[in-house]
Amino acid sequence: MPDSPTPAARTRPADSALNTGFGRVLLFIYALGALSASARGLVQVFTHFSEAPLAYLLSAFAGLVYIAATVGLAIGGERGRRVTLVSCTIELVGVLVVGTLSITDAVAFPDDTVWSHYGSGYGYVPLILPFIGLWWVWRHRPRTD
């Protein structure tokens, strides 16, 4: 009679394939978002900061959030999972709050950020991406079967 698997053998590996399969596509999209949001934010901060400081700082902040999510997906494991989870949550809250405020208080946002109007300038990808990222992290969590 074969021995039953040990609890360690029945759990998913620590990285649970965060950066494999569809995770590679997600990693690429986050890396692209990190590059574009960071570049936009830096250009805005260094060239037009006095025109819309809040909007431009939020664009730069969005870039940092996308960088963190990219790093989390790339490193995987429990640490990567936590980084990605926190980043995607901040991204989701940010796009919902900034998206709503950019519509209801246009004076506070005289120029667009990455998250303005729920990411309309980026094809609403900033609105959809955190949901996909959170789903991916949840789907690939370590668990016992």
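Everything below is about the structure printed above this text.
Small disclaimer: the values here were computed from a predicted structure and weren't measured.

Colleague: If you had to explain helix α2 (residues 22–48) to someone new, which residues and values would you point to?
Modeller: Counting along an α-helix, one turn takes 3.6 residues, and residues three or four places apart therefore face a common direction. The terminal C-alpha atoms of α2 lie 38 Å apart, and with 27 residues this matches the ideal 39 Å at 1.5 Å per residue to within 8%. All buried positions along α2 are accounted for by G23, L26, Y30, G33, A34, A37, S38, G41 and Q44. Packed against the buried residues of α2 are α3 (53–75), α4 (77–104) and α5 (125–139).

Colleague: Residues and numbers for the pattern of salt bridges, please.
Modeller: What the rule picks out here adds up to 1 salt bridge. In this structure, R82 and E78 form a salt bridge, with 3.7 Å as the shortest nitrogen-oxygen distance. Taken together, the residues R82 and E78, both in helix α4 and 4 residues apart, mark about one turn of the helix. Assessed through its relative accessible area of 38%, E78 is described here as partly exposed.

Reading the values: rules and limits
- Residues numbered from 1 in each chain as written.
- Predicted model: local features only at pLDDT ≥ 70, side-chain atom pairs only at ≥ 80, totals over all residues.
- Heavy atoms only, no water.
- Helix = DSSP H or I, 4+ residues; strand = E, 2+ residues; numbered from the N terminus.
- Expected span 1.5 Å × (residues − 1).
- Buried < 20%, exposed > 50% of the residue type's maximum accessible area, 1.4 Å probe, protein only.
- Contact = heavy atoms within 4.5 Å.
- Salt bridge = Lys/Arg side-chain N within 4 Å of Asp/Glu carboxyl O.

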